[in-house]
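# Report on the structure
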Amino acid sequence: MENQKIAQIFQEIGDMLEITGDSVFKIRSYHRAAQVVANYPYHLRDIYEKDPKLLDKIPGIGKSLMGKIIEILDTGDCKKHLQLVKQIKPGLLDIMKLRGIGPKKTKLFHDELSIDSVAKLKSAAKRGLIRELSGMGEKSESEVLKSIESYGRLKARIPMYEALDIAEEIISYMKKSDAVSKVEYAGSLRRRLETVGDVDILACGDKPEEIIKYFCDFPFISHIESRGNTKTTVILENGMQVDLRVVSKDDFGAALYYFTGSKAHNITTRKIAQKMGLKINEYGVFKGNKKIICRTEEDVFKAINLPYIIPEMREDTGETDFIKPIEISDIKGELHSHSDWSDGENTITEMAETAKKTGYEFIAITDHSASLKIAHGLDKTRLEAQIKEIETLNKKIEGIKILTGAEVDILRDGSLDLPDSILKKLDIVIASVHTYFRLTREEQTARIIKAISNPFVKIIGHPTGKLIGMREAYDIDLVKVMEAAKKHNVAIELNCNPKRLDLSAEHLRMAKDMGVMISLGTDSHGTSQLSYIKYGIFMARRGWLEKKNILNTMDYASILSSKHHE
DNA sequence: GCCGTTTTCGGCCCGACTGTTTTCAGTCG
Ligand SMILES: Nc1nc2c(ncn2[C@H]2C[C@H](O)[C@@H](COP(=O)(O)OP(=O)(O)OP(=O)(O)O)O2)c(=O)[nH]1
Ligand SMILES: [Mg+2]
Ligand SMILES: [Mg+2]
Ligand SMILES: [Zn+2]
């Protein structure tokens, strides 16, 4: 399994970076990526062969890790890993696996005493060398020996069904104590992993010390690793580790949520809470000093405004990625509008002022091209004059950027009504069909794809030509059109005119799934129509669109710099 | 190294227990 191999390499890089003392966040990234890849349902090689760029869509995988995945798929390993393997002796990773010994102590032993294996560590501890190190003492030294001792006897991961038996036995034992109000198993066992590293038990009651004391009297305990007021760790006679956590009754839900994990899931939802100005810990959800009491797990989800997620899904593999529907305030500008230079009612200045009042950063003036005679379409010469005019207006008018543009007609054969020599001077080129609606499906599709492949086209306007209740969409293969749009990095318009609403919701959803950007354009022929954006937002929400799917949620600089050809 | 309703730079979850320490670092959950 290549995914497992990649996961292991990332895990090892993370472990070795801990010893070298690299950034804890970088280390977390490697470890998280290792988890994600290990749990990923598809072969990364298949994804790579289909479209390498899809790799960095995987949560926790960015440009750098994507590069390393590709490197490993191509060569079997990556340079970063090989270089660390050379630098860090394998014995150090063994030492770090010992309980109570992490990267800092491992490095200390290595730097001060040249210890690079568990055997050398054992002999150094026996000779009393460890206690001499700064920050170490007699107890730390004997802890080192104890963990080396117990390491051999420690159970590896246990099958879930065995752990379940033991957990249930512990729980029925715990229920016999009057101090215990509620008790449940948590951790990987509650998430139903095939194997578990330990058994995690959560109990609540008014007298936590009594609960801990009672637990430590459980008959099959071999020894107690640690014991505090709220939690204790013990090792059973069969070598299994059991962690007990104790909280008050009011906090049971928050604690169960914390203790069920996974760790990565906890971190992700805690980050979500942070963004909302909240803090999650095992005692509840906090807004400043105010505590939102969580007696049940559902209370935690409610407090952070998420639907309940079952334990079995809490692995941070995307289960918290709920859709954040587009909102009208996400729209940063207008990309489809007409002025009185063609068939619009208002001047460019009036359109710009209204856009400014709407709160927009930009408005593109996209008048018709010459073949639409009825609309007084602009030819090359008039369009050049309009570009000059907009240049002047941009100097005069503050607080709004007017983008130059055109809604250029797609001619019958798919060529455009304006030459490339002028199109390339424009900020926003929309290409639209206004004639020959009755071509065959093949012809119509080919026609539009040809327009899409023009290097200066940014958007395909009102892509199906429908007029609600008046004119059917023309026959066209939208899947092929969207594939082409994706390939050429062209956006598809959602025309917001309420008589058009073109594309419809199901096709918007398709575009989203295919990774095609949508441009919300009002096609305004007057200042009052800029408000049609709201109808577009309605449809976009029906199509499950989010901010990231929509072109005019970006600032205009990003829109203009988005390049065309791959 | 990742990531974006405030961000393309500057953040990154939060707390318990232990040993060594006069105030916290390391490790673990
Ligand atoms: N917030 C937070 N929770 C953690 C962290 N580490 C562990 N937890 C929580 C989530 C875990 O599921 C739970 C129990 O810890 P374990 O180490 O036993 O992990 P878990 O049971 O998930 O896996 P395991 O099969 O035991 O290796 O404690 C952490 O670093 N932060
Ligand atoms: Mg566990
Ligand atoms: Mg545990
Ligand atoms: Zn049009």
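Residues numbered from 1 in each chain as written. Chains lettered and ligands numbered in written order. Predicted model: local features only at pLDDT ≥ 70, side-chain atom pairs only at ≥ 80, totals over all residues. Heavy atoms only, no water.

### Here's the deal with the overall build of chain A
Selection criterion: By the criteria applied, helices consist of DSSP H or I runs no shorter than four residues and strands consist of E runs no shorter than two, each listed in order from the N terminus. Exposure classes here rest on a 1.4 Å probe applied to the protein chains alone. A residue is buried below 20% of its type maximum, exposed above 50%, and partly exposed in between. Any two residues having at least one pair of non-hydrogen atoms within 4.5 Å are treated as being in contact.
In terms of regular secondary structure, chain A is built from 23 helices and 19 strands. Dimensions along the principal axes, computed over C-alpha positions, put chain A at roughly 95 × 55 × 50 Å. Across the 566 residues that make up chain A, the buried fraction comes to 50%. Residue pairs in contact within chain A that sit at least 24 positions apart in sequence constitute 67% of those at least 6 positions apart.

### Section: the domain arrangement of chain A
To keep things clear, this is the line we draw: These domain limits were set by an automatic method or by a database of domain assignments.
Along its sequence, chain A is carved into domain 1 (2-154), domain 2 (158-247), domain 3 (252-313) and domain 4 (328-561). When each unit is reduced to the centre of its C-alpha atoms, the spacing between domain 1 and domain 2 is 29 Å.

### Things to note about the coordination of the magnesium ion (ligand 2)
Stated formally: Only nitrogen, oxygen and sulfur atoms qualify as donors, provided they sit within 2.8 Å of the metal or within 3.2 Å for Na, K and Ca; with water excluded from the atoms, sites may seem incomplete.
Bound to the magnesium ion (ligand 2) are the protein donor atoms Asp198 (OD) and Asp200 (OD), situated 1.9 to 2.1 Å from the metal. In this structure, the magnesium ion (ligand 2) is positioned 3.5 Å from the magnesium ion (ligand 3), and both are ligated by Asp198. Residue Asp198 is classed as buried on the basis of its relative accessible area of 12%. What makes Asp200 buried here is its relative accessible area of 9%.

### Section: the pairing of strand S5 (residues 221-227)
Quick note on the threshold: A pair of strands counts as paired when DSSP detects no fewer than two bridges linking them.
As judged from the 5 bridges shared by S5 and strand S6 (residues 231-236), these two strands associate in the antiparallel manner. What sits directly across from Ile221, in S6, is Leu236. The antiparallel hairpin formed by S5 and S6 contains 3 residues in its connecting segment.

### Some remarks on the coordination of the zinc ion (ligand 4)
Note on metal geometry: ideal angles are 109.5 degrees for four donors arranged tetrahedrally and 90 or 180 degrees for six donors arranged octahedrally. For the zinc ion (ligand 4), every protein donor is listed as Glu407 (OE), His434 (NE2) and His462 (NE2), and the spread of their distances is 2.0 to 2.3 Å. Read in sequence order, the donor residues for the zinc ion (ligand 4) give the motif E-x26-H-x27-H. Here His434, found in the loop between strand S16 (428-432) and helix H19 (441-452), pairs with His462, found in the loop between strand S17 (459-460) and helix H20 (478-488); they are 28 residues apart in sequence, far enough to count as distant. You can call His434 buried: its relative accessible area is 17%. A relative accessible area of 1% places His462 in the buried class.

### With respect to the nonpolar core
The following threshold applies: Nonpolar cores were defined as sets of buried Ala, Val, Leu, Ile, Met, Phe, Trp, Tyr and Cys residues, with membership established by side-chain atoms within 4.5 Å.
Formed by 59 residues in total, the largest nonpolar core has its most connected members in Ile363, Ile402, Ile460, Ile518 and Leu520. For this core, the leading source of residues is H20, giving 5 residues. Beyond its immediate sequence surroundings of up to four residues, Ile460 is in contact with Ile430, Ala431, Ile448, Ala451, Ile452, Val490, Ala491, Ile492 and Glu493. Membership of the second largest hydrophobic core comes to 46 residues, among which are Val37, Ile61, Ile101 and Ile148.

### Focus on the protein's contact with DNA strand B
We count it as follows: If even one non-hydrogen atom of a residue comes within 4 Å of a molecule or strand, that residue is called near it. Any pair of N or O atoms that falls within 3.5 Å is considered a polar contact. Within protein, one atom must be able to donate a hydrogen and the other to accept it, and sequence-neighbouring residues count only if both atoms are side-chain atoms.
Around DNA strand B, 52 residues are found, and the nearest of them are Arg28, Gly62, Gly137, Ser140 and Arg270. In DNA strand B, atoms within 4 Å of the protein come from the sugar-phosphate backbone in 75% of cases. Within the side chain of Arg99, one N or O atom sits 3.2 Å away from a phosphate oxygen of DNA strand B. Backbone polar atom of Thr230 to a phosphate oxygen of DNA strand B: 2.8 Å apart, as the coordinates give it.

### Observations regarding the site of ligand 1
This is how the line gets drawn: Only the protein chains shown count as cover for residues, and the accessible areas themselves come from Shrake-Rupley with a 1.4 Å probe. By the convention adopted, Pro, Cys, Tyr, Trp, Phe, Met, Ile, Leu, Val and Ala count as nonpolar, Lys, Arg, Asp and Glu as charged, and the other residues, Gly among them, as polar.
For ligand 1, the set of nearby residues contains 15 residues, the closest of which are Arg157, Ser188, Gly197, Asp198 and Asp200. In the model, an oxygen atom of ligand 1 is placed 3.0 Å from a nitrogen or oxygen of the Arg191 side chain. Asn266 is positioned such that a nitrogen or oxygen atom in its side chain is 3.1 Å from a nitrogen atom of ligand 1. Notes on ligand 1: free accessible area 590 Å², of which the protein chains cover 71%. For the shell around ligand 1, the elements supplying multiple residues, two or more each, are helix H11 (187-190), helix H13 (252-260) and helix H14 (263-275). Residue composition of the shell around ligand 1, by class: 3 nonpolar, 6 polar and 6 charged. A domain-level breakdown of the shell around ligand 1 finds at least three residues from each of domain 2 (158-247) and domain 3 (252-313).

### Here we look at the packing of aromatic side chains
Basically, it comes down to this: Here the aromatic set is Phe, Tyr and Trp, taking the six-membered ring for Trp, and pairing holds for ring centres within 6.5 Å; pairs whose planes are under 30 degrees apart are stacked, those over 60 apart are edge-to-face, and all others are tilted. For a ring to carry a charge above it, either NZ of a lysine or CZ of an arginine must fall within 6 Å of the ring centroid while also lying within 35 degrees of the normal to the ring plane.
In total, this model carries 12 aromatic pairs according to the counting rule given. Here Tyr173 and Tyr214 contribute two aromatic rings whose centre-to-centre distance is 4.3 Å and whose plane-to-plane angle is 10°, an arrangement assigned as stacked. In this pair, Tyr173 sits in helix H10 (residues 160-175) while Tyr214 sits in helix H12 (residues 208-216), placing the two residues 41 residues apart along the sequence. Tyr173 sits in the buried class, given a relative accessible area of 13%. Centre to centre, the rings of Tyr532 and Tyr535 are 5.9 Å apart; their planes meet at 55°, and the pair counts as tilted. An aromatic cluster of at least three residues, connected via ring pairs, comprises Tyr173, Tyr214, Phe218 and Phe220. Its guanidinium or amino end placed over the ring of Phe286, Lys279 lies 5.5 Å from that ring's centre, counting from NZ or CZ.

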